[in-house]
Structures are given as structure tokens and as C-alpha cells.
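Inside the fold
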Amino acid sequence: GQQLNQSPQSMFIQEGEDVSMNCTSSSIFNTWLWYKQDPGEGPVLLIALYKAGELTSNGRLTAQFGITRKDSFLNISASIPSDVGIYFCAGPTLSGYALNFGKGTSLLVTP
Amino acid sequence: EAGVAQSPRYKIIEKRQSVAFWCNPISGHATLYWYQQILGQGPKLLIQFQNNGVVDDSQLPKDRFSAERLKGVDSTLKIQPAKLEDSAVYLCASSLTGFGGDGAFFGQGTRLTVV
């Protein structure tokens, strides 16, 4: 199946710092989604990208759909402690009806 | 709007026992998914329903896992018999359209521990 590779695997930063993470795919995607998962909770959709080159923001979060359609980036500006969690990239399965997820980037923010 | 409801939140069973999980999707969502999330991994699709029909169950271990959505609303996922490697969080999700690109809304999950 389609593989999604996320990097870095984990990040440990100080409050106020900017964060950047990315996701690469072994195949072309028409949609990229970014989710955040808090401990003990299910993933929550943060940003959806539908067009190559698209840049979309949601508050302090900005995500970009790579022009090769095989990668995507998520940036968090001025991180705060509640940004702690695991961030997953996801894209439609080959059938188009479900989602494949990466292994996640774990973010820790110290005050 | 109520979210995706799952129960129980936690379950501990011995290997070879059976277990069942329940999910009630967001009202009006025709598509329901069951995902398995092993510690340190992203969610992996087990089965997808569109109304009460199965769209994709290619990754469901059918020798021990079964799922149903009889009236096209709530769903149950069963494991019988359980193995140690089934220890994971089982996430239910729903979506309005059923197209992956539209995203899905997840429940809190059921954490299963098999001992």
C-alpha cells in the first residue's frame, strides 16, 4: 500500500519556538490531511489540502501541499504548551474512500 | 453536534477470550470506519462501511475479527479469540461523504489490553 513517512519522529522544543515537520509519500496524492492526536483521544483534523502548491493556514498552523504531490509540510508558529501531541499526516487510500496515516511526529513543548 | 461515541473506553482481557466494541457515528454520516492504532503507530484501517454495506475490509483479519453495521447507524467490532498482538487502541470514525479526502471525525477510542 501507499507509505507515508513523517519526519522528524519526535521534537522537543521550548515555548515560543516555531516548529516544522514534513511528510513524504511513495505515490502521488490528490489530498493531504494533517491531524493532531492528544493523549487518550482520537485524532482531530487540523488542515486539509486539495491542490498542489496550496498553502493553507489555521491560526498558528500553516500547511503546504508539495508541488510534486508526494510531500506536505506543517509549520506551527510561536508554539505553546497545548500544542503538545502527535501530529499525523494522512492521504486517501488507493480506493479513495479511506485514509492512510503516517507514523506521526511527537511534539513536546516546555514552558 | 454530538461527536463519535465509543464504548467501552478501556478493556483488559486474557488471550483467547472474546471482546466487542461499540460505535455510534455522528448523526447523518453514512460512512463509518474502524481503525486499529498500535502504540507508536498511526491508525490503520480495518474496515469501512457505507451505510450498512462494506466498502473495504481488505486489512481486517477475518479469521478473528468481525464487524457489522446492521441498520446503517451504529456498529460493533468483535475479536474472537483475541491474541496478545491485538493490544491496541480501536478507533471508530465517521464521515459525511465517504471520500477520504474529506477527512473523518474520530471517537476517543477503546484501549484494549490482551494479557
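Treat the numbers as computed from the prediction; the structure is a model and nothing was measured. (Residues numbered from 1 in each chain as written. Chains lettered and ligands numbered in written order. Predicted model: local features only at pLDDT ≥ 70, side-chain atom pairs only at ≥ 80, totals over all residues. Heavy atoms only, no water.)

1. Some words on the overall build of chain B
Scanning chain B for helices and strands turns up 0 helices and 11 strands. Listed by position from the N terminus, the elements making up chain B come as β-β-β-β-β-β-β-β-β-β-β. Against the globule reference of 13 Å for 115 residues, chain B gives a C-alpha radius of gyration of 13 Å, in line with a compact fold. Taking all 115 residues of chain B together, 47% fall into the buried category. Long-range contacts, defined here as pairs at least 24 residues apart, represent 53% of the contacts in chain B between residues at least 6 apart. If you sum the accessible surface of chain B, you get close to 5,600 Å²; carbon and sulfur atoms cover 52% of it. Here chain B contributes 12 positive and 10 negative side-chain charges, whose respective centroids are spaced 7 Å apart. (Helix = DSSP H or I, 4+ residues; strand = E, 2+ residues; numbered from the N terminus. Rg over C-alpha atoms; globule rule 2.2 N^0.38 Å. Buried < 20%, exposed > 50% of the residue type's maximum accessible area, 1.4 Å probe, protein only. Contact = heavy atoms within 4.5 Å. Areas by Shrake-Rupley, 256 points an atom, 1.4 Å probe, with all protein chains shown as cover. Lys, Arg positive; Asp, Glu negative; His and termini not counted. Charge placed at Lys NZ, Arg CZ, Asp CG, Glu CD.)

2. What to know about the state of the cysteines
Using the criterion set out here, one finds 2 disulfides over all chains in the structure. There is a disulfide in this structure between Cys23 of chain A and Cys89 of chain A, and the S-S distance comes to 1.9 Å. The sign of the S-S torsion, about 50°, decides the handedness of the disulfide formed by Cys23 of chain A and Cys89 of chain A: right-handed. Here Cys23 of chain A, found in strand β3 (residues 19–25), pairs with Cys89 of chain A, found in strand β9 (residues 85–92); they are 66 residues apart in sequence, far enough to count as distant. Residue class for Cys23 of chain A comes out buried when judged on its relative accessible area of 0%. Paired through a disulfide, Cys23 of chain B and Cys92 of chain B show a sulfur-sulfur distance of 1.9 Å. The disulfide joining Cys23 of chain B to Cys92 of chain B has a torsion of about -70° about its S-S bond and is therefore left-handed. (Disulfide = S-S within 2.5 Å.)

3. Details of unusual backbone geometry
Between Ser7 of chain A and Pro8 of chain A the backbone carries a cis peptide bond, its omega angle lying at -5°. Although it is not a glycine, Ala78 of chain A sits at a positive phi angle of roughly 45°. With respect to the secondary-structure elements, Ala78 of chain A resides in the loop between β8 (71–76) and β9. For Asn51 of chain B, which is not glycine, the phi torsion reads 55° and is therefore positive. Residue position: Asn51 of chain B is located in the loop between β5 (44–50) and β6 (53–56).

Read these as spatial facts, not as claims about activity.
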